[in-house]
Amino acid sequence: MKDLLKLLDLSRDEIIRILDVAYDLKTKQKKGIEFQPLKGQTLGMIFEKSSTRTRVSFEVGMYQLGGTALFLSARDLQIGRGEPVQDTARVLSRYLDGIMIRTYSQEEVEELAKYADIPVINGLTDFCHPCQVLADLETIREYKGGFNGLKMAYIGDGNNMANSLIVGGLKVGMQVSCAIPKDYYPSPEVLAWAEKQPGFQITQNVMEAAEGADVLFTDVWASMGMEGEAEKRARAFQGWQINRDVMLVAKKDAMVQHCLPAHRGEEITEEVFEAHANEIFDEAENRLHAQKAVMTILMEKE
Ligand code: CP
Ligand code: NVA
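Because the structure is predicted, anything quoted here is derived from the model rather than measured.

Let's shift gears to the pattern of salt bridges. Scanning all chains against the criterion turns up 19 salt bridges. The shortest N-O distance in the salt bridge between Glu270 and Arg264 comes to 3.3 Å. Here Arg264 falls in the partly exposed class, since its relative accessible area comes to 39%. Here the residues in one salt-bridge network are Lys6, Asp9 and Glu110, joined through shared partners.

The next thing to look at is the site of ligand 1. Taken together, Ser51, Thr52, Arg53, Thr54, Arg102, His129, Gln132, Cys259, Leu260 and Arg287 are the residues near ligand 1. Thr54 places a polar side-chain atom, nitrogen or oxygen, 2.7 Å from an oxygen atom of ligand 1. A distance of 2.9 Å separates a nitrogen atom of ligand 1 from a polar atom in the backbone of Cys259. About the coverage of ligand 1: the protein hides 95% of its 260 Å² of free accessible area. In the shell around ligand 1, the residues fall into two nonpolar, five polar and three charged.

Right, let's talk about the sheet that holds strand β3 (residues 98-102) for a bit. Strand order in the open sheet formed by four strands is β2-β1-β3-β4, and the pairing between neighbours is parallel. This sheet does not close on itself; its edge strands, each paired only once, are β2 (68-73) and β4 (120-122). Adjacent strand axes in the sheet meet at a mean angle of 20° when their direction is disregarded. Across five bridges, strand β1 (residues 42-47) lies against β3 in parallel orientation. Along β3, the bridge assignment pairs Gly44 with Ile99.

Along helix α4 (residues 106-115), the residues that are buried comprise Gln106, Glu108, Val109, Leu112 and Ala113. Axial view of α4: buried residues confined to an arc of 160°, hence all on one face. Those residues of α4 that are exposed and aimed more than 90 degrees away from the buried face are Glu107 and Lys114. Where α4 is buried, its residues contact α3 (85-95), β3 and β4. The N-terminus of α4 is capped by Ser105, whose side-chain oxygen sits 3.2 Å from the backbone nitrogen of Glu107.

For the rest of this paragraph, the subject is the site of ligand 2. In the region of ligand 2, the neighbouring residues are Leu124, His129, Asn159, Asn160, Asp219, Val220, Ser223, Met224, Cys259 and Leu260. For ligand 2, an oxygen atom lies 2.8 Å from a polar atom in the side chain of Asn160. Contacts to ligand 2 include Met224, whose backbone N or O atom sits 2.8 Å from an oxygen atom. Protein burial of ligand 2: of its 270 Å² of free accessible surface, 94% is covered by the chains.

The next thing to look at is unusual backbone geometry. Between Leu260 and Pro261 the backbone carries a cis peptide bond, its omega angle lying at 0°. Considering the arrangement of structural elements, one finds Pro261 in the loop between β9 (255-258) and α11 (270-275). You will see that Leu124, though not glycine, has its phi angle at about 125°, which is positive. Take Leu124: it is sitting in the loop between β4 and α5 (130-144). On the accessibility criterion, Leu124 (6% relative accessible area) is buried. Positive phi, normally seen in glycine, also occurs at Leu260, with a value near 70°. The residue Leu260 is located in the loop between β9 and α11 in this model.

Taken as a whole and assessed by the stated rule, the structure comprises four aromatic pairs. Between Tyr184 and Phe237 the ring centres are 4.8 Å apart and the planes differ by 45°, which places this aromatic pair in the tilted class. With Tyr184 in the loop between β6 (175-179) and α7 (188-194) and Phe237 in the loop between α9 (230-236) and α10 (244-249), this residue pair connects regions lying 53 residues apart in the sequence. By relative accessible area, which is 10% here, Tyr184 ends up buried. Taking 6.0 Å as the distance between ring centres and 15° as the angle between the ring planes, the aromatic pair formed by Trp221 and Phe237 counts as stacked. Of this pair, Trp221 sits in the loop between β8 (215-218) and α9 while Phe237 sits in the loop between α9 and α10, and the two are 16 residues apart along the sequence. Trp221 gets classed as buried once you look at its relative accessible area, which sits at 4%. Here the aromatic cluster, defined as three or more aromatic residues joined through ring pairs, consists of Tyr184, Trp221 and Phe237. Its end group placed over the ring of Phe35, Lys28 keeps NZ or CZ at 4.9 Å from the ring centre. Residue placement shows Arg264 over the ring face of Phe273; its charged tip is 4.1 Å from the ring centre.

Calculation notes
- Residues numbered from 1 in each chain as written.
- Chains lettered and ligands numbered in written order.
- Predicted model: local features only at pLDDT ≥ 70, side-chain atom pairs only at ≥ 80, totals over all residues.
- Heavy atoms only, no water.
- Salt bridge = Lys/Arg side-chain N within 4 Å of Asp/Glu carboxyl O.
- Buried < 20%, exposed > 50% of the residue type's maximum accessible area, 1.4 Å probe, protein only.
- Near = heavy atom within 4 Å.
- Polar contact = N/O pair within 3.5 Å; in protein donor to acceptor, adjacent residues only side chain to side chain.
- Areas by Shrake-Rupley, 256 points an atom, 1.4 Å probe, with all protein chains shown as cover.
- Nonpolar A, V, L, I, M, F, W, Y, C, P; charged D, E, K, R; others polar.
- Pairing = 2+ DSSP bridges.
- Helix = DSSP H or I, 4+ residues; strand = E, 2+ residues; numbered from the N terminus.
- Axes fitted to C-alpha atoms, helices over the stretch in contact; angles between N-to-C directions.
- Arc of directions from axis to C-beta.
- Contact = heavy atoms within 4.5 Å.
- Phe/Tyr/Trp six-rings, centres within 6.5 Å; stacked < 30°, edge-to-face > 60°.
- Lys NZ or Arg CZ within 6 Å of the ring centre and 35° of its normal.

Encoded structure:
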């Protein structure tokens with residue numbers, strides 16, 4: 001593994017290894033055991049979109065691993081004025097030990113990784129959000145003890161989270177059932193792959209997807225960059241929500257996860273969100289541990 005660009009690139013074993021290292025790093029941190037394999041290293045963090053969790057967890061994670069992180073806003077970088085990504089990649093490779101990038105286009109991230117000779121980590125694109133879903137899988141494993149026989153339900157927009165949850169969930173052996181409106185389907189590449197895996201279902205019926213689910217996910221109706229479509233989407237997604245009725249058809253001990261930020265009253269009700277707040281904020285915490293694992297695996301020098 002040289003980079004983390006999308007979960008489709010990872011084998012089941014590579015995902016499980018990241019989760020195992022994340023668990024180990026989390027345990028070390030809780031016990032106050034210092035572990036600094038990235039001493040003297042610097043991670044550059046390029047942001048073309050906003051962030052709370054990704055920025056803070058990468059920066060703190062890098063610090064805890066003994067290194068430093070640089071926040072690089074695309075508004076201030078020459079990349080924002082049109083400097084080719086190929087050149088940015090080769091220049092940053094001379095200064096840094098790793099790059100985390102949050103941007104719009106997956107192709108830009110793939111191009112950056114192609115030209116960089118240091119690891120590149122995808123911190124969210126319009127196509128996927130692999131770091132988030134690694135943290136999500138870590139949280140499910142913590143609460144449920146494993147993945148075998150579990151049913152994941154995803155309700156809402158077929159966006160970057162849907163794409164990554166479908167791939168991540170199926171790769172670790174969960175059943176994945178999605179309720180997504182026809183006009184907002186996940187990426188064709190993800191669907192083509194998912195339809196060949198056992199345990200995948202996509203429906204327009206929220207209750208059918210949620211029925212017997214062990215873990216339910218949703219995400220915002222309008223992702224970053226879709227602000228112009230927000231009103232149209234708010235109308236299209238009415239009813240595509242995790243609420244009390246949906247929870248009644250899921251398993252009694254079902255978990256609810258949300259990558260955050262959440263829009264209460266839209267994709268999830270206040271009541272369900274608050275009833276599952278512990279799980280949701282454990283999920284947010286696990287970004288730190290999962291990303292420390294990714295950085296350790298990709299960046300630790302022999
Ligand atoms: N979930 C997530 O990636 O949050 P941020 O947008 O705050 O980084
Ligand atoms: N789908 C959301 C996820 C935010 C973490 C977005 O892209 O805005």
